[in-house]
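In case you want the letters, here they are:
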Amino acid sequence: MTHSRCVWLLIIINLAGKLAAILVVWSAPAAALAFWFGPDALLAYHLFVPQAQGLVRMHRRFATSRREVWLTIDDGPDPEDTPRILELLAEHGAHATFFVIGQNVALHPGIIRAVAAAGHEVAHHTHTHPLAFFWCAPPARVGRELDAGLEALRAAGVHPTRFRPPAGIKNLWLAAALRARGLTCVGWSARGLERRRGDAEAVAGRATRGLAPGAILLLHEGPRVPGPIRVEAIRRVLERLHDQGYQCAVPGPDQLVA
Ligand SMILES: [Zn+2]
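Residues numbered from 1 in each chain as written. Predicted model: local features only at pLDDT ≥ 70, side-chain atom pairs only at ≥ 80, totals over all residues. Heavy atoms only, no water.

Those protein atoms acting as donors to the zinc ion are Asp75 (OD), His125 (NE2) and His129 (NE2), and they sit at 2.1 Å. As a motif over one chain, the donors of the zinc ion read D-x49-H-x3-H. Of this pair, Asp75 sits in strand β2 (residues 68-76) while His129 sits in the loop between β4 (121-124) and α6 (139-155), placing them 54 residues apart in sequence. Asp75 gets classed as buried once you look at its relative accessible area, which sits at 7%. For His129, a relative accessible area of 10% translates into the label buried. (Donors = N, O, S within 2.8 Å, 3.2 Å for Na, K, Ca; no water. Helix = DSSP H or I, 4+ residues; strand = E, 2+ residues; numbered from the N terminus. Buried < 20%, exposed > 50% of the residue type's maximum accessible area, 1.4 Å probe, protein only.)

What follows is the structure, encoded as structure tokens:
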């Protein structure tokens, strides 16, 4: 099923559930509750659970015959963290993808040029990182998030082909909006969850859990990351990967799988 069909199917199921609930509310109140909230739960699953693939295909692995993984770093660029991360990547001969926020790009276009000049990929992570309302943003708002971010990136000399929504949260209109702009949606197979309990070592442990060739690792940079973990977690991830004989590479478009 195409993603646009899935979107309409979810909407129809939801509306039909509401109608059925109204029809049976006096005769069977328990069934009415199930009709009313059941489709909402299904929709919520596809919007908020990162593994759900119904609304947007979000790639979570890549195909490779080598011992390599894809390191992805979200929420930059950051004037303190990004230059230090670039140094670490250079020390390890690693290549990574930076999923950046358009507003930050507009403030620090020089950092974006340095990231690209060092051979890393720069990708789209919305313009304002609208974590709270991205799931319910109307089509025009989703389009503005994408276009404003694209404009900021193009002004810094970058033409991205990949996108990651904030925290992997999807939206009913996202698949069509990405397709119209030639953007592919990228998820992850493991993430550091920097704001959860634990130090840099715990974050590195989570990001490298179940490590296997073709894994997509998600880490963050910038002020949202707790101070002692900033950059340090990425340093430890790179050390773990080195110790286990993994290289960090950016896969080509034909390597991406579900
Ligand atoms: Zn983010």
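Continuing now.
The domains assigned to the chain are domain 1 (3-48) and domain 2 (61-257). One C-alpha centre belongs to domain 1, the other to domain 2; they are set 35 Å apart. Opposite the 7 residues of domain 1 that make contact, domain 2 presents 8 residues. Summing both partners gives a buried area of about 720 Å² for domain 1 against domain 2, and 76% of it is carried by carbon and sulfur. Broken down residue by residue, the surface that domain 1 buries against domain 2 is led by Val7, Leu47 and Phe48, which jointly contribute 61%. Joining domain 1 to domain 2, the criterion identifies 1 residue pair in polar contact (both at pLDDT 80 or more). If you tally residues by element for the side of domain 1 that touches domain 2, the top one is helix α2 (residues 29-48), at 4 residues. (Domains from an automatic or database assignment. Contact = heavy atoms within 4.5 Å. Buried area = accessible area lost by both parts, 1.4 Å probe. Polar contact = N/O pair within 3.5 Å; in protein donor to acceptor, adjacent residues only side chain to side chain.)

Following Gly76, the chain continues into Pro77 via a peptide bond in cis, with omega recorded as -5 degrees. In this structure, Asp75 takes a positive phi of about 85 degrees despite not being glycine. Residues other than glycine seldom take positive phi values, yet Val231 does so here, at roughly 70 degrees. Tracing the sequence through the fold places Val231 in the loop between β8 (216-220) and α9 (232-243).

Our next topic: the pairing of β8. For β8, the buried fraction is high: 4 of the 5 residues fall into the buried class. Two strands pair when backbone bridges link them, and β2 and β8 are joined in this way by 5 bridges, in the parallel orientation. Residue pairing across strands places Trp70 opposite Ile216, the latter belonging to β8. Two elements, strand β7 (residues 190-191) and β8, share 2 bridges in a ladder whose sense is parallel. Opposite Arg191, over in β8, you have Leu218 as the bridge partner. Regarding topology, helix α8 (residues 200-207) serves as the crossover connection from β7 to the parallel β8, and that connection is right-handed. (Pairing = 2+ DSSP bridges. Right-handed = clockwise from strand over helix to strand, strands pointing away.)

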